[in-house]
Amino acid sequence: MKILQTSNYEEMSRKAANILAAQVTLFPQSVLGLATGATPLGIYRELLRRYKTGELDFSGVRSVNLDEYCGLSAGDPNSYREYMRKNLFSHINIRPENVHIPDGMAADAQAECRRYDELISALGGIDLQLLGLGMTGHIGFNEPNDSFDRHTHKVRLSERTIAANARQFRSIDEVPRTAFTMGIGAIMQAKRILLVVSGRHKAAILKEALFGPVTPRVPASILQFHPDVTVVADEEALSLSAGLWNGQKGEGL
Ligand code: GLP
């Protein structure tokens, strides 16, 4: 695991965008696993800026998103499909048919989960998976549990996650209680993983994820077993991890 510490959120976004940009430049047909939440917004801004200057071309890229709320239609302003459209896809030249997100309105949850896993397999798996870190230690919406869920599944969101995500909604009552999420299996099979973390409020859970025991109680801890993980995190997020790693600052990226 490589840990790159940055001074702040903007630098984290730029360095993480460098890694995604290098992937797309070297492998224009890449399958990118994409994430939502507040953390990747700066990365997406940077990627679309580079697209606009002609530095990046997404015409061959395929994308699979990690998760989607259940019960929100595609056009709902709080759906992750809408988040992706608004913050990235509508600004770049990725082909609509190459964009994949679980269908939060699917009537048959089991069939939707199966479809999503088959789709990821048919694409040949994920080349580079971008991940944020939830306050519960979740990745995607894989919440703390007694075991790791290998496959895409429908999950009941924890009270902590519902409260954390309420800021995107008008009221906490509007936050969906369930979601579809890619399983730990597809995430761990990604060839490369890029975990981005920002802010002091994430410092304790980041320390547990990176340096604590590997346990489904902290789902992100499984990343310790992945052979190619890069963590790009700012000083605040790494403030409780000082001394636990060899202090690489990520210069040159
Ligand atoms: C959300 C998403 C995750 C995301 C996490 C952190 O619930 N499902 O994919 O990584 O929460 O979000 P944020 O970046 O806003 O802290």
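Right above here is the structure, for reference.
Quick summary incoming for the structure in this document. All values derive from a computational prediction rather than experimental measurement.

**Things to note about the overall build of the protein chain**
Consideration 1: Each helix and strand in the protein chain was counted, giving 7 helices and 10 strands.
Consideration 2: On C-alpha atoms alone, the protein chain measures out to a radius of gyration of 17 Å, which is about the 18 Å that the 2.2 N^0.38 rule sets for 253 residues.
Consideration 3: Within the protein chain, residue pairs in contact and separated by at least 24 positions form 80% of the contacts whose partners lie at least 6 positions apart.

**A few points about the site of the ligand**
Consideration 1: Near the ligand there are 14 residues, and of these Ala 38, Thr 39, Asp 67, Asn 165 and Lys 202 occur at the shortest range.
Consideration 2: The side chain of Lys 202 places a nitrogen or oxygen atom 2.7 Å from an oxygen atom of the ligand.
Consideration 3: Relative to its free-state accessible area of 390 Å², the ligand is covered by the protein chains to the extent of 96%.
Consideration 4: Among the residues forming the shell around the ligand, the class breakdown is 4 nonpolar, 7 polar and 3 charged.

**Thoughts on the environment of Lys 86**
Consideration 1: Looking at the secondary structure, you find Lys 86 in helix H3 (residues 80-87).
Consideration 2: Separated by 72 residues in the primary sequence, Lys 86 and Ser 158 place their C-alpha atoms 27 Å from one another.

**Observations concerning the sheet that holds strand S2 (residues 31-34)**
Consideration 1: Spatial ordering of the open sheet is given by S1-S10-S9-S6-S2-S3-S5, a layout of 7 strands whose pairing is parallel. Each of the sheet's edge strands pairs with one partner strand only, and the pair in question is strand S1 (2-6) and strand S5 (99-100).
Consideration 2: Looking at chain direction, S2 and strand S3 (residues 62-65) are connected through 4 bridges and run parallel. The residue bridging Gly 33 from the neighbouring strand is Val 64, located in S3.
Consideration 3: The sheet contacts of helix H1 (residues 9-26) involve S1, S2, strand S6 (128-131), strand S9 (192-197) and strand S10 (229-234), and relative to S9 the element is tilted by about 165 degrees.

**Here we look at helix H7 (residues 203-211)**
Consideration 1: Taken together, the buried positions of H7 are occupied by Ala 203, Ile 205, Leu 206, Ala 209 and Leu 210. Relative to the axis of H7, the buried residues are bounded by an arc of 165 degrees and lie together on one face.

**Regarding the side chain of Glu 11**
Consideration 1: By the element assignment, Glu 11 lies in helix H1.
Consideration 2: With a relative accessible area of 16%, Glu 11 lands in the buried category.
Consideration 3: Among the polar contacts made by the side chain of Glu 11, one reaches the side chain of Lys 15 at a distance of 2.8 Å.

**Points about the packing of aromatic side chains**
Consideration 1: The full count for this structure, using the stated rule, is 7 aromatic pairs.
Consideration 2: Centre to centre, the rings of Tyr 44 and Tyr 83 are 6.4 Å apart; their planes meet at 75 degrees, and the pair counts as edge-to-face. With Tyr 44 in helix H2 (residues 41-52) and Tyr 83 in helix H3, this pair connects stretches of sequence that are 39 residues apart. In terms of burial, Tyr 44 and Tyr 83 fall into one category: buried.
Consideration 3: Ring centres 6.0 Å apart and planes at 20 degrees place the aromatic pair Tyr 80 and Phe 141 in the stacked group. Taken together, the residues span a long stretch of sequence, with Tyr 80 in helix H3 and Phe 141 in the loop between S6 and strand S7 (153-156) at a distance of 61 residues.
Consideration 4: Phe 141 sits in the buried class, given a relative accessible area of 1%.
Consideration 5: Ring-pair connections join several aromatic residues into one group, and the members of that group are Tyr 44, Tyr 69, Tyr 80, Tyr 83, Phe 141 and Phe 169.

Each value, and the rule that gives it
Here, residues in each chain are numbered from 1, in the same order as that chain's written sequence. Selection of residues for local features in this predicted model requires a pLDDT of at least 70, selection of side-chain atom pairs for listing and counting requires 80 or more, and totals for whole chains, interfaces and linings are taken over all residues. Here the side-chain values reflect all heavy atoms present in the structure, with hydrogen atoms and water set aside. Only DSSP runs of H or I covering at least 4 residues are called helices, and only runs of E covering at least 2 are called strands; the numbering of each starts at the N terminus. In this setup the radius of gyration rests on C-alpha atoms only. A globule is expected at 2.2 Å times the number of residues raised to 0.38. Contacts are assigned to residue pairs with any non-hydrogen atoms lying within 4.5 Å of each other. Here a residue counts as near a molecule or strand whenever at least one of its heavy atoms sits within 4 Å of it. What qualifies as a polar contact is a pair of N or O atoms within 3.5 Å, subject to a donor-acceptor requirement within protein and to the restriction that residues adjacent in sequence count only when both atoms come from side chains. Per-residue and other accessible areas follow the Shrake-Rupley method at a 1.4 Å probe size, with only the shown protein chains counted as cover for residues. Each residue receives one of three labels: charged for Asp, Glu, Lys and Arg, nonpolar for Ala, Val, Leu, Ile, Met, Phe, Trp, Tyr, Cys and Pro, and polar for the others, Gly being one of them. At least two DSSP bridges between two strands are required for those strands to pair. Only the contacting stretch of a helix is used when fitting its axis, a line to C-alpha atoms as for every element, and angles between N-to-C directions run 0 to 180 degrees. The buried label goes to any residue with under 20% of its type's maximum accessible area, the exposed label to any with over 50%, and the partly exposed label to all in between, with areas taken from a 1.4 Å probe on protein chains only. The directions from the helix axis to the C-beta atoms are what the arc is built from. Between the rings of Phe, Tyr and Trp (Trp by its six-membered ring), a pair exists once the centres lie within 6.5 Å; its type follows the angle of the planes, with under 30 degrees stacked, over 60 edge-to-face, and the other angles tilted.

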